[in-house]
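Structural overview for review
In case you want the letters, here they are:
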Amino acid sequence: MTYIAKPKIVHGGLSRNGLGLTVRDYEGGMSTLCAGCGHDSVTAAIVQAFFELDIPPHRVAKMSGIGCSSKTPAYFLSASHGFNSVHGRMPSVATGAAAANRELHLLGVSGDGDSLSIGLGQFCHAVRRNLDMCYIIENNGVYGLTKGQFSASADVGSKAKKGEINQQPPIDAVQLAMALGGTFVARSFSGDKAQLIPLIKAAIKHEGFALVDVLSPCVTFNDHEDSTKSYAYTRQFFHRAVHLDYVPPADEIKAAYDEGEAMPIQLHDGSRIVLRKVSEDYNVQNRGAAIDYIRAHQRKGEIVTGLLYIDEGEPDMHGLNRTNSTPLTELPYERLCPGADALTALQQRFR
Amino acid sequence: MTYIAKPKIVHGGLSRNGLGLTVRDYEGGMSTLCAGCGHDSVTAAIVQAFFELDIPPHRVAKMSGIGCSSKTPAYFLSASHGFNSVHGRMPSVATGAAAANRELHLLGVSGDGDSLSIGLGQFCHAVRRNLDMCYIIENNGVYGLTKGQFSASADVGSKAKKGEINQQPPIDAVQLAMALGGTFVARSFSGDKAQLIPLIKAAIKHEGFALVDVLSPCVTFNDHEDSTKSYAYTRQFFHRAVHLDYVPPADEIKAAYDEGEAMPIQLHDGSRIVLRKVSEDYNVQNRGAAIDYIRAHQRKGEIVTGLLYIDEGEPDMHGLNRTNSTPLTELPYERLCPGADALTALQQRFR
Amino acid sequence: MSARAKSRINDFVIRLANVNGTGSASANTLLMKSIFRMGVPVTGKNFFPSNIQGLPTWYEIRVSGDGYLARSGDVDVMVAMNAQTYQKDLNRVTPGGVLIYDSTWPRDRQLARSDITILGVPFARMCNEHFSNARARILMKNMCYVGALAALLDIDMDVVRSLVEEMFASKTKLIPANMEAIELGANYAKEHFDCPLPLRVAPLDKTAGHIMIDGNTAAGLGCVYAGATVGAWYPITPSTTIMDGFKTYCERFRVDKDTGERDFFIIQAEDELASIGIVLGASWNGARAFTPTSGPGISLMSEFIGFGYFAELPAVIFDVQRVGPSTGMPTRTQQADMLAAAYASHGDTRHVVLFPSEPQECFELSVRAFDLADRLQTPVIVLLDLDIGMNDWMCPELDWDETYRPDRGKVLDADALEKTENFYRYLDVDGDAIPYRTYPGVHPKGAYFVRGSGHDKYGKYTEESKDYKEVVDRLNRKSQTAATLVPKPVIERSGQPTKTAIVSVGSCDYAIREAIDILAAKGIHMNYMRIKAFPFSPEVEAFLNEHERIYVAEQNRDAQLKHLLTIETDYPKERMESILHYSGLPMHCRSVLEVIAPEVAKGEAA
Amino acid sequence: MSARAKSRINDFVIRLANVNGTGSASANTLLMKSIFRMGVPVTGKNFFPSNIQGLPTWYEIRVSGDGYLARSGDVDVMVAMNAQTYQKDLNRVTPGGVLIYDSTWPRDRQLARSDITILGVPFARMCNEHFSNARARILMKNMCYVGALAALLDIDMDVVRSLVEEMFASKTKLIPANMEAIELGANYAKEHFDCPLPLRVAPLDKTAGHIMIDGNTAAGLGCVYAGATVGAWYPITPSTTIMDGFKTYCERFRVDKDTGERDFFIIQAEDELASIGIVLGASWNGARAFTPTSGPGISLMSEFIGFGYFAELPAVIFDVQRVGPSTGMPTRTQQADMLAAAYASHGDTRHVVLFPSEPQECFELSVRAFDLADRLQTPVIVLLDLDIGMNDWMCPELDWDETYRPDRGKVLDADALEKTENFYRYLDVDGDAIPYRTYPGVHPKGAYFVRGSGHDKYGKYTEESKDYKEVVDRLNRKSQTAATLVPKPVIERSGQPTKTAIVSVGSCDYAIREAIDILAAKGIHMNYMRIKAFPFSPEVEAFLNEHERIYVAEQNRDAQLKHLLTIETDYPKERMESILHYSGLPMHCRSVLEVIAPEVAKGEAA
Ligand SMILES: Cc1ncc(C[n+]2csc(CCOP(=O)(O)OP(=O)(O)O)c2C)c(N)n1
Ligand SMILES: Cc1ncc(C[n+]2csc(CCOP(=O)(O)OP(=O)(O)O)c2C)c(N)n1
Ligand code: SF4
Ligand code: SF4
Ligand SMILES: [Mg+2]
Ligand SMILES: [Mg+2]
């Protein structure tokens, strides 16, 4: 974690975002992960995404559980609020945080162990509530921090470093989120920044639960031959279904897209994403078809990536609750307390 | 629970099963559920299924969590072993029981609260392990025992007795089990004994995790108008996709079925189930198609019932572990203990 | 002659035996409230099974002009409406008492007793004759016995009528039928028996300024008044009605009439681990948040409670205790989660625990719990029990000081942060072991990293012994600060020189007060301390030290309160003796007398 | 002059500073084992960060001809291989000690000390010159410092060689390179320095009949020998290697050579709630089942532990304690889960807890835990800690009594059931408060219903006070039975008349023995009792009562063992004084001396 302070040298030449901040202002402490760990690439993508979105760091809450992946919030956005909770239970903490202050940007970073083993129940229920947050799973098929046991996302037939072969079918966060009514479901690869950064941006801007399942190889325990979560394997079987561009609210959609091929989707704050199909037969707004497509490719050993499903029409958790649009934490006490007279009046019933 | 002893009168005229037992021998204590509760019908179906399967009651372990549904093991098979565990955690107890003695028949009875809220994680992981058990969810969309709060299976728009309308998308145990690689997935209705009994029989005989999600209305808290889990609603929107007959090992398949329409599937112990499509376009051995079919009907407000998916080819939990075929509990200690010489020898490494 | 035997006017117990799911609850409340409105102190205890319909249930009303509102253990009037338990109910009647049964059906001649008065009223027959609807016939039987009792016990019929009118204010159509049923019963009684009985109600003026309310509703209301905005829960008996109460009043007071927008967020979580996670997340983010639960929930929450302790996050947890261990008896009462609450979670922890004794205190301590949680930046557990939480208690009217403003503790707001050089989350700036905190999003300088792993006083991750110890040692000191901030014990001195005292908590209160009076009448004088909070304020130990002998009365098997006193004070353990009541039923004074003065207890029982 | 200063031969501490993930562990083990093979008592403690690669890590080897194997607190030889921590490592050396560093790069002249000897060896340069592969260059540096130390400390090179040969028995190709690296270091040292140093190893005969093993492996092996067939777990540091150990030996001894069929089932559960659920299910069904975990796991398991207590199911739980509260410091040691274990779960509970002090006892008590769990039909928690569990300890060779047969307790088998009239699960037939149980499926008469809800002595559901109390009162008596069955404390008397004693548990043992010897040398005599189990056997209280003053030494902030003694015995609390060590590092004798005789402690430190 932020054990080691990273020297912060601002180069004169660094570009500044709309807030006048440089990318350095979105960085965090020095990573203590293994050299080459996929998670560090995700960290870099997060830094870039927030920088490009002009979000003030202190308006972001970084939520995590326990694991190598869950440590990463210490390595980005050091000026943001961090909450490193207990193993597998970050979704509930995020739910409470969201309930209290609907305006804070919530970014969850979790691992496959954290979200799909111990945290599976909480993860599913957060999807179901359509909690407004960007939820990244740094998925490596193993428990990194406890030294390489298979996680629930390990594929059948994948071999552990010590030779053991996983026999149990994997739990796929993407298919699960689809089945549970998730409103933004994406998959990517830590090695593919070009895809990952716009995805994270869109996920942050989506109003509701935005899952980004990122294949993020563990170089120490799961990057060998016969692992299906290694860099080599992922690069080989990686299949882009859709290409996504993120367009900020003020900007014009600049690139020219052919009709029918490109589809702009408006997000709640006026920003848009422009989707281009890479694969002919993919429909990002049809849940059933999307599931089929993913499953069909999965049978071929292929990993479908990109924004796989989006529904901007569903209300988020606050919409369902009809919460005051002012964050609850900003309501003055006077508004919350019914007062002495009301107390007297209501006690009539108790006589 | 078995508070009240039920008078056991064996009528001379009762038929006897292969073990010479009557259906009375498969009954339990007097139910303390509300008159008309769907769960009592499921109880009756369980009694009938075990009676017809000639299973000695004491070879059955009845596992449950907490809830009205989870109380029911006290109302059937009183000569069986019961384990009423804690709320939502029965799947793990069943997993341990199965590990210890692979020959005991495991029957789990749970509720939608027990399995889909607090127990969601354990439920999913039991499916994933392909634990050999028949797992019945008595699904009423509410928490009966705590007086009628919505459960996670409540449909969007369903109205509670006190008027509240559920807004969150339901968690569907059937779709979840499909997504998690479940090898036997069925849905039925407590009011449809003709469908339920053979389903439960097949589920008991299936080697692996057999889910039977039974719509089982709660007359006290969720049987009013505007509830989508009421008797009336279920009867109306109930849609049989497949018809199932269970045929014991020794028996001939008697009924004549048209080619193509009827499909016999052999179970591990030599018994068979014969499936007849009610609906043209249903394929019980195609996971993707099954999911699609269920989802399509769901969009129309219809509840697809019957055996929805079966795969007799996957190894169960013991198959995956390659456990000794003799139950672990029956292995003599002498076989388990490596002995003094081995201990001396292995300590060479520690010098 | 026992203290209670002195007068049978306004001093007896009615027990109503019914089947659950038959609508007897409102009839029983009506009966109790009628007595209350006559100015006579009264209390009602509900004994119900852990199921929904069809099993025996009892409601016990103690009428006590002297204001003794514990369970007495006697049954002076039994209303035996449940054939299934008739035998048992008959046996339960205290000699000299009265049993009322439904004489629609012939009573087994075997089931008789010569030492009590047995009165038959044909409730079912009368209702069947008067009402045509099947459901009404069942419901009206209940009203019918209320009528009979009103006549027998001399309850003011005008009071009954006005209560019925209030009960059905929104469905006035139902009033006549209900009154008819009541009158049926009353008339039958008047015609067939000498009314009133010697054992009866006489108007008094002892309930003015009081209400009848259950502790859970009062606690839920307290959360509204404390300004809580986020409530997370997973349903569990007997805590569920706390959230019901919160919801009722939030819906009444916190929904915008025009837009329907809500100034609160209630989350029915997927389980208790999620409930407490939600509370911690919301509290961290600046809301006042709480969760009601019961024993199994506390066990499930214990990992997160330890997190809250170490990361120093406020949280308010209500544990409405039921009978343990494990699932135990969910509809029975006990005080057996004290150790589990005080030291919840692995590692060295010590939590703030509050012990209300009745509903008015539930309201008060629920507000106080939020202030303490914010001030001390730590989880606060409010331990109610089923008896307090689910039964209707007579208690002082709730009142509200309009000048109250929440104590949010040491929070640096945007202005303060703007002026601050550096903000360090876990630094003991003021020497009271309580550091400053910030709410997320308020100011760039306020950002910090919350973690349950080792951290130093600046909030940085650490694995250094020195830095770690600095933090846990401060937490230990914070616990001492807590002892000075929590509510002080209630101390009542006998007025006579004595070196003996009773120490207790929560719902034991009435039973102990009654016992103390009885003992005093016998010349045995006792001081009394009711502890309201853990860690113990200095007054607790000081009080102990004044005495040579302490009786510690509590409702659990293992003497958990005594354990806490033994661990946390220097008072010699050998001078403490336990009074343990753990049957699952509310405590009565006999449990106390039996230990302190068995001979007096015997006299009482006679 | 302190006891240790007497001789610098076979009496010093080596500390090796490295970066984790660079393969130093096997080099350090090689070094330690070489000394062990020379017959000299030795111990190794690993201080590692909670990450996988790139952070500082230290390994500390204490060499003690007298067999004092606690951490000493001194560093006599520092091998400073990590540039990042060089300054800190330099400061850590005890005056008069030696520091060895990698002189490949020039050393900052500022970083010097005149009171120690500083020796530079160009490890990196030599390895870079000798090895071409990048990974080998890193790994061989470690072997190189082993060589240098072997020369400097006079370690027998033949012993080193044979150990290297054993280490690489399955990859013999690697032996020459490793030996080459070792010789590089040894030769450099011999050429440049006076070898050996005054501080050195001399052969002894004190390790015969001993092994070097970590507690977790020994515990895992114990589970194999106990006949456990089902192991469920969720990985958590520092308990993970218990299951690794179990697995290793099961795979060796319990897999059918021909069919590959396994006589065991290890289930990696989805979390700790599931692990304990699996264990309870398997135990109920007749298997011996266990789960290893650490603090957070115990918190998560507490609901189920209470279930096991109330439903009376055997279960064996290993809690390898780490620093709490919450996530705390996962790679540091502590004994702070004692209260959490003893009274885990809501409601009145009291669990059986065992406290092994070193690996051999881990083996022994792990077998014993299964016997007790079966005999008492209740969860048994074995409390190790990170120091015992993950460090290599010298301990007596494990031996096995071939006549041992598991005590499965009171189980009615098919024959017995056949003869039984009626089987009632919770009936106290023998008066020892332990009822009879059956395994499911064995016989029709053996069926019963397990539940965590209220049940009577026949096993039937109940909500009756009397029936409920009968069962929990028996459970209380069962706890007394437990006290007579658990391992008795280890008591060591000073041989001199004394009224003072030290009481402790677990891994404090060596530190206390060393302190006792030091104190004895100063004429301060102390008796000693090491508690091995809870509930305390009668011997515990008897021992306390023999003394006027008791020091309770333990590794936590809150004096949890003292709390347990205060609650569970009648020994006056005011006569107990705490010795608390909770830095997260293994205890050393100074913590003890500082409390008992500060002047002695000072002398020792000098
Ligand atoms: C309650 C609890 N159980 C177990 C652990 C130990 N633990 C820490 S991280 C981890 C697994 C992490 O795996 P994953 O989430 O996939 O993260 P990765 O390290 O692979 O990025 C486990 C089991 C814990 N901290 N808390
Ligand atoms: C840990 C825990 N939390 C909460 C409860 C309270 N509780 C008992 S049953 C139940 C819900 C039961 O719902 P479901 O499983 O759907 O069963 P049903 O009664 O509807 O058949 C709850 C919340 C409990 N017993 N234990
Ligand atoms: S162990 Fe794996 S997941 Fe953890 S930091 Fe190293 S490479 Fe990354
Ligand atoms: S409350 Fe509902 S679920 Fe429970 S017994 Fe009654 S009808 Fe059945
Ligand atoms: Mg992982
Ligand atoms: Mg339900």
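Residues numbered from 1 in each chain as written. Chains lettered and ligands numbered in written order. Predicted model: local features only at pLDDT ≥ 70, side-chain atom pairs only at ≥ 80, totals over all residues. Heavy atoms only, no water.

Details of the interface of chain A and chain C
Listed by partner, the interface residues are 59 residues for chain A and 74 residues for chain C. Looking at the side of chain A facing chain C, the largest losses of area belong to A:Tyr333, A:Phe350 and A:Arg351, adding up to 14% of the total buried there. Viewed at the interface, chain C and chain A are joined by 4 salt bridges. As a salt-bridge pair, A:Arg351 and C:Glu397 come within 3.2 Å of each other at their nearest N and O atoms. Summed over the shared surface of chain A and chain C, the result is 28 residue pairs in polar contact (both at pLDDT 80 or more). (Contact = heavy atoms within 4.5 Å. Buried area = accessible area lost by both parts, 1.4 Å probe. Salt bridge = Lys/Arg side-chain N within 4 Å of Asp/Glu carboxyl O. Polar contact = N/O pair within 3.5 Å; in protein donor to acceptor, adjacent residues only side chain to side chain.)

What about the site of ligand 4?
As a matter of local geometry, ligand 4 sits amid B:Leu33, B:Cys34, B:Cys37, B:His39, B:Cys68, B:Asn140, B:Cys218, B:Val219, B:Thr220, B:Phe221 and C:Ile52. Neighbouring residues of ligand 4 are not confined to one chain but are distributed across chains B and C. When its residues are assigned to classes, the shell around ligand 4 shows 8 nonpolar, 3 polar and no charged. (Near = heavy atom within 4 Å. Nonpolar A, V, L, I, M, F, W, Y, C, P; charged D, E, K, R; others polar.)

A closer look at empty space enclosed by the protein
Think of a ball as big as a water molecule: rolled over the atoms, this probe shows where empty space is left. Its volume calculated, the largest cavity comes out at about 200 Å³. Surrounding the largest cavity, 18 residues form its lining, C:Ala340, C:Tyr343, D:Ala340, D:Tyr343 and D:Ala344 being those nearest its centre. When contributions to the lining of the largest cavity are tallied by element, the ones reaching two or more residues are α10 (295-311) and α11 (338-342) of chain C together with α10 (295-311) and α11 (338-342) of chain D. Considered class by class, the residues forming the lining of the largest cavity number 10 nonpolar, 8 polar and no charged. Within this model, the second largest cavity holds a volume of roughly 170 Å³. Every residue lining the second largest cavity is counted, 19 residues in all, and those nearest its centre are A:Arg89, A:Gly121, B:Arg89, B:Ile118 and B:Gly121. (1 Å grid on protein atoms, 1.4 Å probe; cavity = no way out; pocket = protein on both sides within 12 Å on 5 of 7 lines; lining within 4 Å. Points joined across faces, edges and corners; volume = space filled by probe spheres on them. Helix = DSSP H or I, 4+ residues; strand = E, 2+ residues; numbered from the N terminus.)

With respect to the site of ligand 2
Lining the immediate environment of ligand 2, one finds 24 residues, of which B:Ser69, B:Asp112, B:Gly113, B:Asp114 and C:Glu272 sit closest. More than one chain lines the surroundings of ligand 2; the residues nearby belong to chains B, C and D. B:His39 places a polar side-chain atom, nitrogen or oxygen, 2.8 Å from an oxygen atom of ligand 2. Separating an oxygen atom of ligand 2 from a backbone N or O atom of B:Gly144 is a distance of 2.8 Å. Those elements that provide at least two residues to the shell around ligand 2 are α2 (68-71), α4 (112-116) and β5 (142-143) of chain B together with α10 of chain C. The element that contributes the greatest number of residues to the shell around ligand 2 is α4(B), accounting for 3 residues. Counted by class, the shell around ligand 2 contains 11 nonpolar, 9 polar and 4 charged residues.

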